Amino acid sequence: MSSAESQTLRVATFNVSMEATNYVANGEQVTGNELFTHLASGSHPQIMNIAAIIQQVRPDILLLNEFDYTSNDELGVKAFIKNYLNVPQQGGKVIDYPYFYTAPVNTGMDSGLDLDKDGIASGKGGDAFGFGLYPGQYGMVLLSRYPIETKQIRTFQHFLWANMPHNLMLGIKDQQGRSWYSEEAQNILRLSSKSHWDVPIDVAGNTIHILASHPTPPVFDGPEDRNGKRNHDEIRFWTDYVSGDQQAEYIYDDAGYKGGLVGKHFVVLGDLNASAVEGDGIASGIANLLSHTRVNADYVPTSQGAGLHSPKNPYAASHTAEWRMRADYVLPSRNLAILNGGVFWPTSNDPQFYLVKNRIASSDHRMVWLDIVFENRK
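Notes on the structure in this doc start here. Within each chain, residue numbers correspond to sequence positions counted from 1 in written order. Local features in this predicted model are restricted to residues of pLDDT 70 or higher, and side-chain atom pairs are both shown and tallied only at a pLDDT of 80 or more, whereas totals for entire chains, interfaces and linings draw on every residue. The basis for the side-chain values is all heavy atoms of the structure; hydrogens and waters are excluded.

Quick notes on helix 6 (residues 283–290)
Owing to its 3.6 residues per turn, the α-helix brings residues three or four apart onto one side. Our working definition: Each residue gets one of three labels from its accessible area relative to the maximum for its type: buried under 20%, exposed over 50%, partly exposed in between, using a 1.4 Å probe on protein chains only. In this description a helix means any DSSP run of H or I spanning at least four residues, a strand means any run of E spanning at least two, and both kinds are numbered starting from the N terminus. What the arc describes is the spread of directions from the helix axis to the C-beta atoms. What makes two residues a contact is simply this: any of their non-hydrogen atoms within 4.5 Å.
Along helix 6, the positions that sit buried rather than exposed are Gly-285, Ile-286, Leu-289 and Leu-290. The buried residues of helix 6 all sit within an arc of 125° when viewed along its axis, so they share a single face. Those residues of helix 6 that are buried are in contact with helix 5 (226–243), strand 10 (265–271) and strand 11 (328–332).

Next comes the structure, spelled out in structure tokens:
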């Protein structure tokens, strides 16, 4: 193909459960290095199955959620590519990603404060900015067959929740009706539980912005719903970001540059831990993103496996997690046409069912993908 306008691009997201607690027995203490030991071996069954799924679906651009972060790419993403993706898995065909991006996340990073108000510091001085037993847990990796425009990447790891106008943090109250977060906490608490990334990729001369994140689950809290409200605002960030103009003027990135998206084409990608019709989250966060005029949410990826997993649920076919909800999204901009899509969820009588049988086999999430094509329209 000679141009992006005529080229089909497969974009996918996959929460791969490749974090240390997945590699230790229940109750066993984690070090945070477990994943990297198994990446070096090239022989861990769960990681081999993850690689087999990737080799089967073959995305051009793929976001991996819950891939533990390390600043040493040789131990992390490069080892995964070399020892798993570049090796045939279960009769699959090898796949290579010459370009990748990963960066620090807020999980496991000590805030110095007791943010959950349980009187117990999870780190040396306090709770983490995002839940994690060690820095880098539940990290993110972006893989690409196309060049990443590294100098134009924007990250929002340090963006403060309090700097979002009309945020829901100020409405979080304790049982006495007082603000849950002290003024000291409000001055340091970051919006992103992991991070928000804008990663531009050059596809045959056209730039597509991958807007990657993994908002906190809207559970594991109390009646104050601090995680639910944070999940809502983490998703709302992208709604504001793609809106531009006044709606995005409050946003600043980690380099200090202000404003929203600069570019025509984008895909919001990741495990957003939210559904507009199910679950415990505040539905308006994801609903507003799905209904945004710049977002093409018309095509809902489905699978027969998901439908059979919860046969009495009218939304079952669109589920992306074995705990029965649509949580993972590939949401392109309106000027990207959707040709096809799906969720990798084989039925129980499919020969490949063993790849998704349970979290031990691969993950409690499924890969979601769309085939898109650039169009010359606004």
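Describing the side chain of Asp-328
Counted only if it meets this: When charges are counted, Lys and Arg contribute as positive and Asp and Glu as negative, whereas His and the chain ends are disregarded. Whenever Lys or Arg places a side-chain nitrogen within 4 Å of a carboxyl oxygen from Asp or Glu, that contact is recorded as a salt bridge. Under this definition, polar contacts are N or O atom pairs within 3.5 Å; protein pairs additionally need one hydrogen-donor-capable and one acceptor-capable atom, and for neighbouring residues in sequence, both atoms have to be side-chain atoms.
Checked against the element boundaries, Asp-328 lands in strand 11. Among buried Asp, Glu, Lys and Arg side chains, Asp-328 stands out as unpaired, with Arg-326 the closest opposite charge at 8.3 Å. At a separation of 2.5 Å, a polar atom in the side chain of Asp-328 contacts the side chain of Thr-320. A distance of 2.9 Å separates a polar atom in the side chain of Asp-328 from a polar atom in the side chain of His-365. If we skip the residues at most four places from it in the chain, Asp-328 touches Thr-13, Asn-15, Gly-270, Asp-271, Thr-320, His-365 and Val-368.

Some points on the environment of Asp-245
Considering the arrangement of structural elements, one finds Asp-245 in the loop between helix 5 and strand 10. When the C-alpha atoms of Asp-245 and Ser-182 are compared, they prove to be 32 Å apart, with 63 residues separating the residues in sequence.

Section: the sheet that holds strand 9 (residues 206–213)
Filter applied, for reference: Here a strand pair is declared whenever DSSP counts at least two bridges between the two strands.
Across the sheet, five strands lie side by side as 7-8-9-10-11; this open sheet has mixed pairing. Of all strands in the sheet, those with a lone pairing partner are strand 7 (154–155) and strand 11, marking the two edges. In this structure, strand 7 lies alongside strand 8 (residues 196–203), joined through two bridges in antiparallel fashion. Note that in strand 8 the partner of Arg-154 across the bridge is Asp-198.

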